[in-house]
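Listed below, chain by chain, are the residues.
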Amino acid sequence: MSTPLRTAFRAAFGRDPEVACAAPGRLNLIGEHVDYAGGLCLPLALPQRTVVAAARRDDGRLRLRSLHRDAHPWEGSLEALGPGHPQGWAAYPAGVIWALGHPLGGLDLLVGESVPPGAGLASSAALECAVALAVDTLCWLGLSATSAGRTTLAAACRRAENEVAGVPTGGMDQLASLCCTAGHALLLDCHDQSMRQVPVDLLAAGLTLLVVDTRAPHRNIDGHYAARRRSAEQAAAALGVSSLREASPEQVDSLTDPLLRRRARHVVTEIARVRTVVALLASGRARDIGALLNASHTSLRDDLDVSSPELDCAVDAARAAGALGARMTGGGFGGSALALVERVSTAAVTHVVMTAAARNGHPEPAVHQALPSRGAHLLEPQS
Ligand code: GLA
């Protein structure tokens, strides 16, 4: 545990933490807006992470603090936690404790460094997963020791987000943050919750994956996200299948409502693209996934309508500067794009993306390299 984190915990609570845990943000390579339709996704864990320090209490109280300036302290009784309570950022950590069935008698928790919020890189999931791991460790639940146990923790984190925070997300982010491993993307089958680690060695192929955080504000993302999810459910119901995972392209073409047809077409074509990307990676053809990334963006922009001018600008500029492929990533309506580039052209692509944003009057993007990193883990005493 870093000295600044320990010092901040002492300043906040007047005692030492017992545990510190880190959980990463995620970058979804492909398979966007399909998790809630039983689809396939291929996220990887980012080096950006959220760190929490925690210590147990025995008086039934939960005290939450964050070093993030917008996150106000929150304090309350464990008994009162539940759907809709608390609200704001505290819903995420408190929701995890509720979803795990209140396994402790009280907790002091401090959030230290964090995945940038609003960047579409799953900062909420990173917070939930870091808290879940801290509770797992402090209560000796043993869930984080196995892949099945991590899936259980991820399910609790998702319940926190869906039921306590009231955001109807699909579960990919929590599974990614808890189950990804370094050097791999995680092939998630959201139909049966199975997963497989897929090696991603882009450096060996002379490639780099860039994340472009557009820093554009999300616009009513929750309402738009929920509407996309509803469309997928309505399309499945109209076709008489339990989720769009079971629908064929021909069935989707038969939908009479043009909007539902477009929405559903995104889902079935995106699932097919994930399969192709996985096959290309398995046969050492990482370069060739660029075209699939581009097709994914077109589908998200035109069929699902979840892109934004800033995302389109970043994607177009990256491609114009020679990126092999680029697309928006995450929930959309702002947030981040990714670009697959030749390592030698990293600086040139970055420059062109920044210049295009400035020319269009957009905020200055933050561009990082995405190295597939490890999932949620305990921090050693001195790290
Ligand atoms: C958000 C949600 C995920 C997923 C993505 C889009 O990140 O949390 O569940 O639906 O959007 O792929």
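Since the model is a prediction, treat every value here as computed from it, not as a measurement.

> Quick rundown of the site of the ligand? Include the residues and the values.
In the neighbourhood of the ligand, 13 residues make up the surrounding shell, with E32, H33, D35, D173 and Y225 lying closest. Between the ligand and D173, the relevant distance is 2.6 Å, taken from an oxygen atom to a side-chain nitrogen or oxygen of the residue. When the ligand is considered free in solution it has 300 Å² of accessible area, and contact with the protein chains removes 94% of it. Residues belonging to the shell around the ligand are distributed by class as follows: 3 nonpolar, 6 polar and 4 charged. Looking at the shell around the ligand, you find at least three residues from each of domain 1 (3-199) and domain 2 (203-370).

> Go over helix 3 (residues 123-138) with me, naming the residues and quoting the values.
Taking 1.5 Å as the rise per residue, helix 3 with 16 residues should run 22 Å; its terminal C-alpha atoms sit 23 Å apart, in good agreement. Within helix 3, 14 of the 16 residues are buried, leaving the element largely enclosed by the surrounding structure. Once helix 3 ends, the next one or two residues include W140, with phi positive near 55 degrees.

> Give a description of the domain arrangement of the chain that names residues and reports values.
What the domain assignment lists for the chain is domain 1 (3-199) and domain 2 (203-370). Between domain 1 and domain 2 lies a buried interface of about 3,000 Å² when both sides are counted; carbon and sulfur atoms form 67% of it. It is I30, H33 and Y36 that lose the most area in domain 1 upon contact with domain 2, and together they represent 23% of the buried surface on that side. The interface formed by domain 1 and domain 2 contains 2 salt bridges. The tally of links from domain 1 across to domain 2 stands at 18 residue pairs in polar contact (both at pLDDT 80 or more). Put simply, the parts of the chain that give the side of domain 1 that touches domain 2 at least two residues each are strand 1 (19-28), strand 3 (43-56), strand 7 (184-189) and strand 8 (194-199). Broken down by class, the residue content of the side of domain 1 that touches domain 2 amounts to 16 nonpolar, 11 polar and 6 charged.

> Hey, could you go over the environment of V268 for me, with residue numbers and the actual values?
On the secondary structure map, V268 appears in helix 8 (residues 258-282). Between the alpha carbons of V268 and A205 there is a distance of 30 Å; along the sequence they are 63 residues apart. In contact with V268, other than residues within four places in its own chain, are L244, A247, P249 and V252.

Conventions we followed
Residues numbered from 1 in each chain as written. Predicted model: local features only at pLDDT ≥ 70, side-chain atom pairs only at ≥ 80, totals over all residues. Heavy atoms only, no water. Near = heavy atom within 4 Å. Polar contact = N/O pair within 3.5 Å; in protein donor to acceptor, adjacent residues only side chain to side chain. Areas by Shrake-Rupley, 256 points an atom, 1.4 Å probe, with all protein chains shown as cover. Nonpolar A, V, L, I, M, F, W, Y, C, P; charged D, E, K, R; others polar. Domains from an automatic or database assignment. Helix = DSSP H or I, 4+ residues; strand = E, 2+ residues; numbered from the N terminus. Expected span 1.5 Å × (residues − 1). Buried < 20%, exposed > 50% of the residue type's maximum accessible area, 1.4 Å probe, protein only. Buried area = accessible area lost by both parts, 1.4 Å probe. Salt bridge = Lys/Arg side-chain N within 4 Å of Asp/Glu carboxyl O. Contact = heavy atoms within 4.5 Å.

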